[in-house]
Amino acid sequence: MSRKAIFLDKDGTLIENVPFNVDVTKVRLLDGVPLGLQALQEAGFQLIIVTNQPGVALGHFQKKDLFRIRHHMAFLFEQAGVTLSGFYYCPHHPDARLPQFRMECSCRKPGPGLLYMASIDNQIELEESWMVGDILDDVEAGRRADCLTALIDNGNETEWQVTPLRKPHVTAPNFLSAVEKILSWGPGCHGLPGGEVRERMSSIGERPS
């Protein structure tokens, strides 16, 4: 099994950001995500979702609802021809309505706890891995875990409180562009020239389903 991973934010990165949604009929991978996931897996990365889910703490849904989401995400990955190697979520919130989830925790991004848990469970080398998300909290979580980081600048980050820990290694307008930059990054993380990355991604897209 590969010892490097792509840690993926869920809402706004892989699927549309619909607040507190646990209706699987409304959960679909965004355009370009299946092809990008295929390219990342072919490059030797495990694919692991790490997501804040404060809807549990705020009483919008229950933890059991997230089990359905996890299974559905695994199904969507399978349809895309890739494997979801892990699904890690934080149910906490400092202003939780439910006391058992009211806390300042290390697993809620921008904390790195979810990435640490995933790395232990899946024997991941964090320095060879990437955190990909659509807000700077994702970037900070990745940097705190010593990962490389990619920000998808699709409008979901609105505060732009940039510090050294919140500066992404690469920024891209969409998931596919982020994947191309990741695969072109350097020897430690595959390091293909940009043209070869595009050629390989194109060949993946031409495969029959």
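Everything numeric here is computed off the predicted structure, so don't read it as measured data.

Some details on the sheet that holds strand E6 (residues 170-172)
(1) Moving on: Strand order across the open sheet formed by six strands is E3-E2-E1-E4-E5-E6, with parallel pairing between neighbours. Each of the sheet's edge strands pairs with one partner strand only, and the pair in question is strand E3 (84-90) and E6. Averaged over neighbouring strand pairs, the angle between their axes works out to 20° when direction is ignored.
(2) Moving on: Where strand E5 (residues 148-152) meets E6, three bridges bridge the pair, whose relative direction is parallel. What sits directly across from isoleucine 152, in E6, is alanine 172.
(3) Moving on: Packed onto the sheet, helix H2 (residues 63-79) meets strand E1 (5-8), strand E2 (46-52) and E3 and runs at close to 155° relative to E3.
(4) Moving on: Of the strands in this sheet, strand E4 (130-133) and E5 are in contact with helix H4 (residues 136-144), which crosses E5 at around 175°.

Points about the side chain of glutamate 140
(1) Moving on: Tracing the sequence through the fold places glutamate 140 in helix H4.
(2) Moving on: At 2.8 Å, the side chain of glutamate 140 forms a polar contact with the side chain of arginine 166.
(3) Moving on: Look past the residues within four positions of glutamate 140 in its chain and what remains in contact with it is Pro110, Leu165 and Arg166.

Overview of helix H3 (residues 113-122)
For an α-helix, the turn length of 3.6 residues means that residues three or four places apart are oriented alike.
(1) Moving on: Of the residues making up H3, those classed as buried are Gly113, Leu114, Leu115, Ala118, Ser119 and Asn122.
(2) Moving on: Close packing links the buried residues of H3 with E1, E2, E3, E4 and H4.
(3) Moving on: Backbone geometry just downstream of H3 places glutamine 123 in the positive-phi region, at approximately 55°.

Quick word on unusual backbone geometry
(1) Moving on: With an omega dihedral of 25°, the bond running from lysine 109 to proline 110 counts as a cis peptide bond.
(2) Moving on: Secondary-structure assignment places proline 110 in the loop between E3 and H3.
(3) Moving on: The phi dihedral of aspartate 146 is positive, around 70°, even though this residue is not glycine.
(4) Moving on: Looking at the secondary structure, you find aspartate 146 in the loop between H4 and E5.

Side note on H2
(1) Moving on: Under the 1.5 Å per step criterion, the end-to-end length of H2 is 25 Å for 17 residues, consistent within 8% with the ideal 24 Å.
(2) Moving on: Looking at H2, one finds that the buried residues are Asp65, Leu66, Ile69, His72, Met73, Leu76 and Phe77. Across the axial projection of H2, the buried residues extend over an arc of 145°, all falling on one side. In H2, the exposed positions angled more than 90 degrees off the buried face are occupied by His71 and Glu78.
(3) Moving on: Against the buried residues of H2 lie E1, helix H1 (33-42), E2 and E3.
(4) Moving on: Immediately beyond the C-terminal end of H2, within one or two residues, lies glycine 81, with a positive phi of roughly 85°.

Focus on the packing of aromatic side chains
(1) Moving on: Inspection of every chain in the model, using the stated rule, returns two aromatic pairs.
(2) Moving on: A ring pair is formed by phenylalanine 87 and tyrosine 89, whose centres lie 6.4 Å apart and whose planes are at 55°; its orientation type is tilted. For the residue pair phenylalanine 87 and tyrosine 89, the accessibility class agrees, reading buried in each case.
(3) Moving on: Arranged with centres 5.5 Å apart and planes meeting at 90°, the rings of tryptophan 130 and tryptophan 185 form a pair that is edge-to-face. With tryptophan 130 in strand E4 and tryptophan 185 in the loop between helix H5 (175-183) and helix H6 (194-205), the pair connects residues that are 55 residues apart, well separated along the chain.
(4) Moving on: The lysine or arginine in question, lysine 4, covers the ring of phenylalanine 45, its NZ or CZ lying 4.4 Å from the ring centre.

Cut-offs used in this document
Here the residue numbering is sequential within each chain, running from 1 through the sequence in written order. Per-residue local features are limited, in this predicted model, to residues with pLDDT of at least 70; the limit for side-chain atom pairs, both in listing and counting, is 80 or more; totals at the level of whole chains, interfaces and linings are taken over all residues. The basis for every side-chain value is the complete set of non-hydrogen atoms in the structure, without hydrogens or water. A pair of strands is labelled paired if DSSP reports no fewer than 2 bridges between them. Labels follow the DSSP assignment, with helices taken as runs of H or I lasting at least four residues and strands as runs of E lasting at least two, numbered in each case from the N terminus. The convention used is that axes are lines fitted to C-alpha atoms, helices contributing only their stretch in contact, and that angles between N-to-C directions extend from 0 to 180 degrees. A contact between two residues is defined here by any heavy atoms of the two lying within 4.5 Å. N or O atoms within 3.5 Å of each other form a polar contact, as long as, within protein, one can give a hydrogen and the other can take it, and as long as residues adjacent in sequence are counted only when both atoms are side-chain atoms. Burial classes follow relative accessibility: with a 1.4 Å probe on protein chains only, a residue under 20% of its type's maximum area counts as buried, one over 50% as exposed, and anything between as partly exposed. What a helix should span is 1.5 Å times the count of its residues minus one. The directions from the helix axis to the C-beta atoms are what the arc is built from. Pairing of aromatic rings covers Phe, Tyr and Trp, the last through its six-membered ring, and needs centres within 6.5 Å; plane angles under 30 degrees mean stacked, over 60 mean edge-to-face, and all others mean tilted. As a reminder, the over-ring test applies to NZ of lysine and CZ of arginine, requiring each to be within 6 Å of the ring centre and within 35 degrees of the ring normal.

The values reported here are purely geometric and, on their own, carry no functional implication.
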